[in-house]
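Each chain, written out:
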Amino acid sequence: KPIVIPTHNWSSQVVMAYVIGGIFESMGSNVEYVSADTQGVYESIRNGDVTISHEVWQSTFGKSFYTAMAKGGIIDAGTHAALTLEEVGVPQWVIDQNLCPGLPNWEALLDCKDVFATADSGGKGRVLEGPQSWHGDVYPNRIQALLGDDWMVKFAGSGDALWADHVSAKKEGRATLTFNWTPNFTDAEGFVFIEWPAYTPGCRIADGGDSKCGSPKGWLKKAANYKFPKTHPAAYTAFSQMSFNAGHIGSMAALVDLDGMSHQDAATSWLADNEAVWKPFTQAGM
Ligand code: TMO
């Protein structure tokens, strides 16, 4: 029976899917890839349609993961070395050129709506958010709560639209405020996250709060269907050992987003260049 690995819509996740699939295949397992909804996948793992999730980002997916766990059928398969942040911010050059004095403190934005206005923002300051399927209303709620009616949130159709905006903004010398995350390929050139009031559990409107808070500095976990250790013990043991750091994850994304490789080719190349990283994961218990 194949191990079913989900693919989503950001680069490191897709490359890592093929990296982990390649590791499982090197151990003799069969692998199948399915394109899966980023929030719904935890229910699919719980009921066994999907075997694993290898990038459970705390800020975006922590709630769906633990909701599925409380229903039974999904297990915590360990935590990557990388710490994560999913947050809106500006490319480093927006800070260097001092386009909005006082950044990255969020209160600086109160005086910068015109700096971040775009042709499609109706005179308001614009936050370019990722696809709505990632975070629902988290950012519209926060922007409304802290910045009010002078600001709006536009959802991008894809992650790629965020990177395209960074490129065109730089060319035009225009400031831009977008969702991004770390680890990512943008770590190399520099990206500065806005410092909002600190995250506390329950601070979001969906969790009973007022949404006057930023994102948590979070973990990156792995999840699995509860039968995986029994159906594929060697592969599960390796999966439980897998831990990627910020450099590993940033380089997986960069092979696609900077070097223009396909996700599969990026994974093949990454596996070839990083045997010393991943071989030991397959050798626990030997
Ligand atoms: C889940 N993501 C890394 C796109 O924020």
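The coordinates are above.
My aim in this report is to walk through the structure given alongside it, one point at a time. On a predicted model such as this, the values are computed, not experimentally measured, just so you know.

Another aspect to go through is the overall build of the chain. Looking only at helices and strands, the chain has twelve helices and ten strands in total. Here the C-alpha atoms of the chain give a radius of gyration of 20 Å, agreeing with the 19 Å that 2.2 N^0.38 yields for 286 residues. Expressed as lengths along the three principal axes of its C-alpha atoms, the size of the chain is roughly 60 × 40 × 25 Å. By the burial criterion, 51% of the 286 residues in the chain qualify as buried. Expressed as a percentage of contacts within the chain between residues at least 6 apart in sequence, the contacts between residues at least 24 apart total 73%. Between the averaged position of the 20 positive side-chain charges in the chain and that of its 31 negative side-chain charges there is a distance of 6 Å.

Next up on the list: the pattern of salt bridges. Counting across every chain of the model gives 13 salt bridges. The salt bridge involving Arg174 is made with Asp165; its shortest N-O contact spans 3.2 Å. Accessibility expressed as a relative area gives 8% for Asp165, which makes it buried. Residue Glu189 is joined to Lys170 by a salt bridge in which the shortest nitrogen-to-oxygen separation is 2.8 Å. Of this pair, Glu189 sits in the loop between β8 (178–182) and β9 (191–193) while Lys170 sits in helix α7 (residues 159–172), and the two are 19 residues apart along the sequence.

The next point concerns the state of the cysteines. What the rule picks out here adds up to two disulfides. Each disulfide pairs two cysteine sulfurs, and for Cys100 the partner residue is Cys112, the sulfurs being separated by 2.2 Å. Taking the torsion about the S-S bond as the criterion, the Cys100 to Cys112 disulfide, at about 100°, is right-handed. Placement of Cys100 in the loop between α4 (92–96) and β6 (125–129) and of Cys112 in the loop between α4 and β6 is noted, with a sequence separation of twelve residues between them.

Read across the open sheet, the three strands follow the order β3-β10-β4; overall the sheet is antiparallel. Lying at the two open borders of the sheet, with one neighbouring strand each, are β3 (52–57) and β4 (74–79). The average angle at which neighbouring strand axes cross in this sheet is 30°, direction not considered. The pairing of β3 with strand β10 (residues 220–225) spans four bridges and is antiparallel. In the sheet register, Ile52 faces β10, and the bridge partner there is Ala224.

This part covers the packing of aromatic side chains. The geometry of an aromatic ring pair is captured by the separation of the ring centres together with the interplanar angle, meaning the angle of the planes. According to the stated counting rule, one finds 22 aromatic pairs in the structure shown. With a centroid separation of 6.2 Å and 80° between ring planes, the pair formed by Tyr66 and Trp219 is classed as edge-to-face. Here Tyr66 is found in helix α3 (residues 58–71), whereas its partner Trp219 is found in the loop between β9 and β10, with 153 residues between them in sequence. Three or more aromatic residues joined by ring pairs make a cluster, and in this case those are Trp10, Tyr42, Phe61, Phe65, Tyr66, Trp134, Tyr139, Trp163, Phe179, Trp181, Phe185 and Trp219. Geometry around Trp219 places Lys221 over its ring, the cationic atom sitting 5.3 Å from the centre. In this arrangement the basic side chain of Lys222 is found over the ring face of Phe239, its NZ or CZ atom lying 5.5 Å from the centre.

Take the nonpolar core next. If you look at the biggest cluster of nonpolar residues, it comprises 83 residues, and the most contacted ones within it are Phe24 and Phe116. Setting aside residues up to four positions removed in sequence, Phe24 forms contacts with Ile3, Ile5, Ser29, Val31, Ile52, Phe228, Ala235, Phe239 and Met242.

By the secondary structure assignment, Ala175 is in the loop between α7 and β8. Here Ala175 falls in the buried class, since its relative accessible area comes to 5%. Taking the C-alpha atoms as reference points, Ala175 and Phe116, 59 residues apart in sequence, are found 5.9 Å from one another. Residues in contact with Ala175, not counting those within four places in the same chain, are Val94, Leu99, Val115 and Phe116.

Reading the values: the criteria
- Residues numbered from 1 in each chain as written.
- Predicted model: local features only at pLDDT ≥ 70, side-chain atom pairs only at ≥ 80, totals over all residues.
- Heavy atoms only, no water.
- Helix = DSSP H or I, 4+ residues; strand = E, 2+ residues; numbered from the N terminus.
- Rg over C-alpha atoms; globule rule 2.2 N^0.38 Å.
- Buried < 20%, exposed > 50% of the residue type's maximum accessible area, 1.4 Å probe, protein only.
- Contact = heavy atoms within 4.5 Å.
- Lys, Arg positive; Asp, Glu negative; His and termini not counted.
- Charge placed at Lys NZ, Arg CZ, Asp CG, Glu CD.
- Salt bridge = Lys/Arg side-chain N within 4 Å of Asp/Glu carboxyl O.
- Disulfide = S-S within 2.5 Å.
- Pairing = 2+ DSSP bridges.
- Axes fitted to C-alpha atoms, helices over the stretch in contact; angles between N-to-C directions.
- Phe/Tyr/Trp six-rings, centres within 6.5 Å; stacked < 30°, edge-to-face > 60°.
- Lys NZ or Arg CZ within 6 Å of the ring centre and 35° of its normal.
- Core = buried A, V, L, I, M, F, W, Y, C linked by side-chain atoms within 4.5 Å.

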